[in-house]
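Structure assessment
Here is what each chain is made of, one letter per residue.
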Amino acid sequence: MADIRTTAAVAAPETQPSTEHVAIRREDYRPPDWLVPEISLDFQLDADRTIVRGTLQVERNGDHDRPLRLDGDEIAALSVKVDGADADWRMDGPALVIDLAGDRATIETEVEISPAANTKLMGLYASGGMLCTQCEAEGFRRITFFPDRPDVLSKYHVRMEGNATLFPVLLSNGNRIALGDAAEGRHWAEWQDPFPKPSYLFALVAGDLEANRDSFTTMSGRQVDLAIWVRSSDLPKTQHAMDSLKLAMAWDERVYGREYDLDLFNIVAVSDFNMGAMENKSLNIFNSAYVLADQDTATDADFDNIARVVAHEYFHNWSGDRVTCRDWFQLSLKEGFTVFRDQSFSADVGSPPVKRIEDVRVLRAVQFPEDAGPLAHPVRPDSYIEIGNFYTATVYNKGAEVIRMLATVLGPEKFRAGTDLYFSRHDGEAATCDDFVKALEDGSGVDLSAFKIWYSQAGTPKVTARLEHDAAANAATLHLEQKVDPTPGQPVKAPMPIPLRTVLIGAESGAELAPERLIVLDEPRQSVRFDNVSELPLLSINRGFSVPVVVKAERRPGELERLAQTDPEPFARYEAIQELMMRALVAGARGEAADSAPVVAAVAATLQSNSLDPAFKAEAILIPGDSMIAERMDEVDPDAIHASRESLREAIGTGLSGALLGAHRSDGVEGHDLSPRAKGIRRLRTVALGLLAAGDPQQGAALAKAQFDRADNMTDRQGALGILASLDVPERQAALDAFYERFQDDPLVLDKWFALQAAAQRSDTVDQVLRLAAHPDFTISNPNRLRSLAGTFGGNHWAFHSPDGRGYAFLADILLDADKLNPQVAARLVPAFGRWRRFEPKRAELMRQTLERIVAAPGLSKDVFEQVSKSLA
Ligand SMILES: [Zn+2]
């Protein structure tokens, strides 16, 4: 194993013990030396002082004489016994090591932990009076000594005892098999999980909670009791999550043939949570942001996100729990596949084209920059220092795109045959990404070996396309080329198989000239011939975004404009409009003459169309964000990008004020109507208003304030406030104050109040954010609140990159403060600095200096160290 501390010159080695910051490498994988078929845990619960007794049945795995090694993290053994007797044991760093003579033993350990003092929110911690756990990826070792790796699967028996008033509800995985009262106002419960599982899926909850209860009958007739546990005051906000859960259970039966396997399924909402939610077997623990919703406090997007995350965690019961990962390098095995599953679910219950646009937008805004920067890594990484840093858009979203690509290549029936085989072949096992592809191959009879490079090669392929028309021969030839730029550790790239859904459209007729083809570009250069091309063809390529690449197509004058109005495939049509916008935006940012007329015409045609639905219109006319424009620039100047974007918005707002006003006023939906159509109308209402305000800020402010005051739902209210927050008008502060007054006791809504101001497109946003950081309601210890201010600000391209460097200083200060409490959450703020090399020299230097200041800070966590040192390398 190698230490990757290559930036020792800027690091502060004296503060870093030598055992830290060691890279773990995929190629070093070795099966576990010892297995633990069974474990019993006994918890004497108390927020300040919890005693955990673990009893492990261990078995030597294979023929070797290595000792038993149990992982620990910030825990100390009060006692250790082997087969009931005091034993010789030693600590090796944080791990407990025992030499065992035989092939089997019973190990008993006792540790004391303090949930209330656990600010990392990994392991057992306290949140708002309750106790709960988060064990993925390596939190279980903060609870008890254990071989804490996903390929050690055990059957769990859990007994917990605690104060009956503070903790009336005691939950763990599986089924509750007994409960009773104990002395001194205490009570206890015993839980047993019949399914062997890795330690990262262990969960425990103790608290004063109430449940929204329901039931679901599975396809084989099993009745499952469902419960969503929250504080009693939050009960009225749980119905959407419950409805989403039942939809997801039925969907997974219908689409993947997967049935739920226990009699009980619990969801618990927690206010302090590092991630979105966690798929612990039968006891999902959720960030409350992904459970609680009603019309008055949650936007349509919040409702959609709740459905998505509830479905995602539920789907993990098969893609993650029943079949888990062999090691953390295989994280995308469960995450990429499960994101693909939740994306398909959301598309089926909503609008497929709009969902596709949203997913691709996230991919381009977050994953493409990651793939082109210093933190680029393959979908299946080769090494890590801190696995918490690899819960990335590459592992999740690009991983999902790879599965989607395989599903496209196979077609629905063969893909289903492959996933059926995957689930049956690996049920109860810890598997790899290679196992997954092999099961798809064996189930479908199709050789997919060429596609495996998508798991191992980082970077977004760039495809250039040129269409040549030979009118005399009634034919056309499509010339394709591909290239992948070097990424850290991968200087030379191999060609990749790139499946492009492609069709030619008649420039005159606007009709598809032949059925759509799936062209697989798998060489550096390739030409494809089309026959019977009887009129001038337009190229519609990578339809539906069939592959996660950047396509640069050579276009004739007027070609994009024509595609923007005729392409029958909705995503391709959206792409044509976006590409028109991008041309104008990039030209403007370069200081060239930017012709906004084609964009204005395309937006006008979109708004006037009778065949497009409002949700699609809203997505199609949204202008790409600053950071996406920055990806197209050779040298990033945030002021120039911002000015270019504002000028295009203004041109649309003034040029189309009538049509925009019409779209803004379109009505006929009730605030509680959550149908896709109603959501689309609300979305278009606010998107149109934003463009109107860009054209005429005074009129925009008046309309936004009217929408804000009249709103009977959070979507309209937040939409209006978001527009006002960027304007210099008296209505701004009045609306912000009214919002605060009304919602100051609702933490999730208050997060929105912080986020809207941190996202504001204003020249004084840095000052506003500094002021908000001193607000009595701001705290860095709650991850949602920290993300709402610091995370949102880091994504506010123009304000964060303020030329005086104050945005950088603010984020660095708050990141270093947060790192002392919660390294995992702090490390997520680093990527805002990651692409410093692409900026104009003055900002690049300021960003570099800021990164050096962070990495030199005493006592830096390995989480932040890894991200910062890679960014500097
Ligand atoms: Zn997941």
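Here is a short report on the structure shown in this document.

Conventions we followed
Residues numbered from 1 in each chain as written. Predicted model: local features only at pLDDT ≥ 70, side-chain atom pairs only at ≥ 80, totals over all residues. Heavy atoms only, no water. Pairing = 2+ DSSP bridges. Helix = DSSP H or I, 4+ residues; strand = E, 2+ residues; numbered from the N terminus. Contact = heavy atoms within 4.5 Å. Axes fitted to C-alpha atoms, helices over the stretch in contact; angles between N-to-C directions. Salt bridge = Lys/Arg side-chain N within 4 Å of Asp/Glu carboxyl O. Buried < 20%, exposed > 50% of the residue type's maximum accessible area, 1.4 Å probe, protein only. Donors = N, O, S within 2.8 Å, 3.2 Å for Na, K, Ca; no water. Tetrahedral: all angles 85-135°; square planar, octahedral: opposite > 155°, others 65-115°. Expected span 1.5 Å × (residues − 1). Phe/Tyr/Trp six-rings, centres within 6.5 Å; stacked < 30°, edge-to-face > 60°. Lys NZ or Arg CZ within 6 Å of the ring centre and 35° of its normal. Parallel < 35°, antiparallel > 145°, perpendicular 65-115°, else oblique. Left-handed = near helix turned anticlockwise from the far one by under 90°. Nonpolar A, V, L, I, M, F, W, Y, C, P; charged D, E, K, R; others polar. Polar contact = N/O pair within 3.5 Å; in protein donor to acceptor, adjacent residues only side chain to side chain. Disulfide = S-S within 2.5 Å.

**A closer look at the sheet that holds strand E18 (residues 223–230)**
Within the open sheet, the five strands sit side by side as E17-E18-E19-E21-E20. Their pairing is mixed. A single partner strand is all that each edge strand has here, and the edge strands are strand E17 (210–217) and strand E20 (277–278). Where helix H1 (residues 239–256) meets the sheet, it contacts E17, E18 and strand E19 (264–270), and its direction lies at approximately 25° from that of E17.

**Topic: the pattern of salt bridges**
Any two side chains of opposite charge can pair, given that their charged atoms come close. Scanning the entire structure with this criterion turns up 80 salt bridges. Between aspartate 261 and arginine 322 there is a salt bridge, with its nearest N and O atoms 2.7 Å apart. Residue aspartate 261 is located in the loop between H1 and E19, and its partner arginine 322 is located in the loop between helix H2 (300–315) and strand E22 (324–325); the two are separated by 61 residues in the primary sequence. Like aspartate 261, the residue arginine 322 is buried in the burial classification. Residues participating in the shared-partner salt-bridge network are Asp42, Arg53, Glu110, Arg159, Glu161 and Arg186.

**Comments concerning the coordination of the zinc ion**
Distances from the zinc ion to its protein donors, His312 (NE2), His316 (NE2), Glu335 (OE) and Glu335 (OE), fall at 2.0 to 2.7 Å. The coordination sphere of the zinc ion comprises four donor atoms, whose angles at the metal cover 54 to 154°; the geometry is irregular. As a motif over one chain, the donors of the zinc ion read H-x3-H-x18-E. Of this pair, histidine 312 sits in helix H2 while glutamate 335 is found in helix H3 (residues 331–349), placing the two residues 23 residues apart along the sequence. An identical accessibility class is assigned to histidine 312 and glutamate 335; each is buried.

**As for H3**
Compared with an ideal rise of 1.5 Å per residue, which puts 19 residues at 27 Å, H3 spans 27 Å between its outermost C-alpha atoms and is within 8% of the ideal. Burial of H3 is extensive: 17 of the 19 residues sit out of reach of the surface.

**As for the environment of aspartate 420**
Position of aspartate 420 relative to the elements: it lies in helix H6 (residues 412–426). Classification of aspartate 420 as partly exposed rests on a relative accessible area of 27%. Put simply, aspartate 420 and alanine 439 are 19 residues apart on the chain and 8.6 Å apart in space, counted from C-alpha to C-alpha.

**Topic: the packing of aromatic side chains**
The tally for this structure, following the rule as stated, stands at 37 aromatic pairs. Centre to centre, the rings of phenylalanine 337 and tyrosine 422 are 6.2 Å apart; their planes meet at 80°, and the pair counts as edge-to-face. In this pair, phenylalanine 337 sits in helix H3 while tyrosine 422 sits in helix H6, placing the two residues 85 residues apart along the sequence. Its relative accessible area of 0% is what places phenylalanine 337 among the buried residues. Every member of this aromatic cluster is reached through a ring pair, and the members are Trp251, Tyr256, Tyr260, Phe265, Tyr314, Phe315, Trp318, Phe337, Phe345, Tyr422, Phe423 and Phe436. Geometry around tryptophan 318 places arginine 258 over its ring, the cationic atom sitting 4.6 Å from the centre. Over the face of the ring belonging to phenylalanine 530 we find arginine 517, whose NZ or CZ atom lies 4.4 Å from the ring centre.

**Some details on the sheet that holds strand E28 (residues 517–521)**
Read from one edge to the other, the open sheet built from three strands follows the order E28-E27-E30, with strand pairing classed as antiparallel. Each edge of the open sheet carries a strand with a single partner, namely E28 and strand E30 (537–541). Pairs of neighbouring strands in the sheet enclose a mean axial angle of 35°, with direction left out of account. Pairing between strand E27 (residues 498–506) and E30: five bridges, direction antiparallel.

**Points about the packing of helix H16 (residues 676–695) against helix H18 (residues 714–725)**
Between H16 and H18, the least distance of the axes is 10 Å, while the angle of their chain directions is 15°. Considered as vectors, H16 and H18 are oriented roughly parallel to each other. Two packed elements cross with a definite hand, and for H16 against H18 that hand is right-handed. Counting all contacts with H16, which are made through Arg682, Arg685, Thr686, Leu689, Gly690 and Ala693, the residues of H18 involved are Thr715, Asp716, Gly719 and Ile723. A class-by-class count of the residues in the contact of H16 with H18 yields three nonpolar, four polar and three charged.

**Thoughts on the side chain of asparagine 274**
With respect to the element layout, asparagine 274 can be found in the loop between E19 and E20. Side-chain polar atoms of asparagine 274 contact the side chain of asparagine 822, separated by 2.8 Å. A distance of 2.8 Å separates the side chain of asparagine 274 from the side chain of glutamine 824, its partner in a polar contact. Excluding its chain neighbours within four sequence positions, the residues that come into contact with asparagine 274 are Lys120, Leu121, Met122, Pro783, Arg787, Asn822, Gln824, Val825 and Arg828.

**What about the pairing of strand E11 (residues 130–134)?**
When a strand is regular, its side chains alternate between the sheet's two faces. Of all five residues that make up E11, five are buried, and the element is covered over most of its length. Side-chain alternation along E11 places Met130, Cys132 and Gln134 on one buried face and Leu131 and Thr133 on a second face that is also buried. As judged from the five bridges shared by strand E10 (residues 123–127) and E11, these two strands associate in the antiparallel manner. Counterpart to glycine 123 in the pairing with E11 is glutamine 134.

**Examining the state of the cysteines**
For the structure on display, the rule yields zero disulfides. Cysteine cysteine 132 remains unbridged, with the sulfur of cysteine 135 as its closest cysteine sulfur at 10 Å. Residue classification places cysteine 132 among the buried positions, given a relative accessible area of 0%. Just so you know, cysteine 325 is unpaired, no disulfide at all, and the nearest cysteine sulfur is the one on cysteine 433, 7.5 Å from it. Judged by relative accessible area, which is 0%, cysteine 325 ranks as buried.

**A few points about the packing of helix H14 (residues 638–655) against H16**
For the pair H14 and H16, interaxial distance at closest approach is 7 Å and the crossing angle is 95°. Classified by the angle between their axes, H14 and H16 sit roughly perpendicular to one another. Across the interface between the two elements, Arg649, Glu650, Ile652, Gly653 and Thr654 from H14 touch Gly690, Leu691, Ala694 and Gly695 from H16. Residues belonging to the contact of H14 with H16 are distributed by class as follows: three nonpolar, four polar and two charged.

**Regarding the environment of serine 232**
Turning to its location among the elements, serine 232 is positioned in the loop between E18 and H1. Measuring from C-alpha to C-alpha, the distance between serine 232 and leucine 209 comes to 6.3 Å, with 23 residues separating the pair along the chain.

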